[in-house]
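Structural characterization, general
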Amino acid sequence: MTRSITLSDGTKIPSLAWGNMGGKEKALSAGAAALKAGILHIDSAQIYGTEAEVPGAIKAAGLKREDVYVTTKLWKFQETTIGLEEIRASVKRSLDALESIPNLLLIHNPYIPEKGKLGEFWGHLETLVADGTLKGCSLGVSNFRPVDIEAVMAVAKIKPVVNQVEFHPYVLAHLDPLIKTHSQHSIVTQGYASLAPIHRHPTGGPVKPILTRLAKKLSAESGVDVDEAGVLILWTKVRDLTPEEIEEIDQAGRKVHFRHWTEHMTNEFPDPDLPSDV
Ligand SMILES: NC(=O)c1ccc[n+]([C@@H]2O[C@H](COP(=O)([O-])OP(=O)(O)OC[C@H]3O[C@@H](n4cnc5c(N)ncnc54)[C@H](OP(=O)(O)O)[C@@H]3O)[C@@H](O)[C@H]2O)c1
């Protein structure tokens, strides 16, 4: 069982999720396995095409809908401005596929609304919460830069509770201003691609040898086989490592800028002047 984090709207979210991107079969079978292993939070999205597999995974794990925290994310399926009724129809398609209202609904990236329309789009989501379409659902964002967060905060009656972004040691330097913006507005930083330093970066970079050393140490201390990915997850959750070990990984990470998912976060939010491939 994973611990929970309390969000700014008073609801609780399990601190670890299983993401169901990667095909319908995986969403069903690996989704059920993740739930059975105690990861009671499925992170889905319209664009993954796997929202409809969420109820099946929950049933296959022998659980009820209320046992599981479900997140989905809105995509853009047309080029024109998305008004309230288009957003309502899009949300209803998700509700039908999920067979329930999600616990958390995110705007998948800041380019889903037309340029300059983030505040308006957010207002429409607030209307859907108020009129019961999204009763009890928390609202959040994903891949938002500081400028996007401020555009939403300028109009928000319901505050975004999370911003889901690529998060690992090699984006720390870039994300400094974003994390500061999050803390100003009590927004939880929700990480994805947390393992990118070891399975996406070409060499593993300066963080890899530290992870290897800590994995050996934790395995010896606990008697459980902890690998480098396990140490990186512990770092992401700021758990079970000493403050000195977390700091050592932070400092090594800050020597490199490496991002796997590059399409959202660079415009109007320049990369730091750091090498990517050391
Ligand atoms: N909001 C967004 O825009 C956004 C973008 C991307 C992802 N996400 C979310 O994040 C989820 C995960 O996506 P991701 O690809 O970015 O995840 P990730 O955590 O960076 O990587 C998952 C990959 O890690 C590999 N892996 C698992 N355990 C490992 C280990 N012990 N050692 C080495 N490799 C290991 C897996 O390999 P195998 O396949 O071989 O098991 C899988 O390919 C998605 O399903 C989605 O929910 C959100």
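Each remark here, short or long, concerns the structure printed above.
Summary of the structure given here. Once a new chain begins, its residue numbering starts again from 1 and follows that chain's sequence as written. Side-chain atom pairs in this predicted model are given and counted only at pLDDT of 80 or more, local residue features only at pLDDT of at least 70, and totals for whole chains, interfaces and linings cover all residues. With hydrogens and water set aside, each side-chain value is computed from the structure's full complement of heavy atoms.

Okay, the nonpolar core next. Of all hydrophobic cores here, the largest spans 51 residues; its most connected members are Leu-125, Leu-134, Val-231 and Ile-249. Residue contacts are defined here by distance: any two heavy atoms, one from each residue, within 4.5 Å place the two residues in contact. Dropping the residues within four chain positions of it, Val-231 is found in contact with Leu-211, Leu-214, Ala-215, Leu-218, Val-226, Leu-241 and Ile-249. Core analysis: the next-biggest nonpolar cluster, separate from the first, contains 10 residues, Leu-35, Val-54, Ala-57 and Ile-58 among them. To define a nonpolar core, start from buried Ala, Val, Leu, Ile, Met, Phe, Trp, Tyr and Cys residues and group those joined through side-chain atoms within 4.5 Å. We call a residue buried when its accessible area falls under 20% of the maximum for its residue type, exposed when it is over 50%, and partly exposed in between, using a 1.4 Å probe and counting protein chains only.

With that settled, the discussion passes to the site of the ligand. Being near a molecule or strand, for a residue, comes down to having at least one heavy atom within 4 Å of it. As a matter of local geometry, the ligand sits amid 19 residues, with Asp-43, Ser-142, Asn-143, Gln-164 and Arg-200 nearest to it. Within 3.5 Å is the distance limit for a polar contact, defined as a pair of N or O atoms, with the added protein rule that one can donate a hydrogen and the other accept it, and that residues adjacent in sequence qualify only through two side-chain atoms. Contact between the ligand and His-108: an oxygen atom at 3.3 Å from a side-chain N or O atom of the residue. With residues, only the protein chains shown are counted as cover, and all accessible areas are computed by Shrake-Rupley using a 1.4 Å probe. Surface burial for the ligand is 62%, taken as the share of its 920 Å² of free accessible area covered by protein chains. Method remark: on a 1 Å grid restricted to protein atoms, a set of points is classed as a cavity if a 1.4 Å probe fits but cannot get out and as a pocket if it is open with protein on both sides within 12 Å along at least five of seven lines; lining residues have an atom within 4 Å of a point. Put plainly, a molecule is in a cavity or pocket when over half of its atoms are within 2 Å of the grid points there. A majority-of-atoms criterion places the ligand in the largest pocket. When residues are sorted by character, Ala, Val, Leu, Ile, Met, Phe, Trp, Tyr, Cys and Pro go into the nonpolar class, Asp, Glu, Lys and Arg into the charged class, and all the rest, Gly among them, into the polar class. When the residues that make up the shell around the ligand are grouped by side-chain class, the tally is seven nonpolar, eight polar and four charged.

Tracing the backbone through its elements, the reader meets Gln-164 in strand β8 (residues 162–166). Among residues more than four places away in sequence, those in contact with Gln-164 are Asp-43, Lys-73, Leu-106, Val-141, Ser-142, Asn-143, Gln-190 and Tyr-192. By definition, any uninterrupted DSSP run of H or I lasting at least four residues is a helix, any uninterrupted run of E lasting at least two residues is a strand, and each is numbered from the N terminus.

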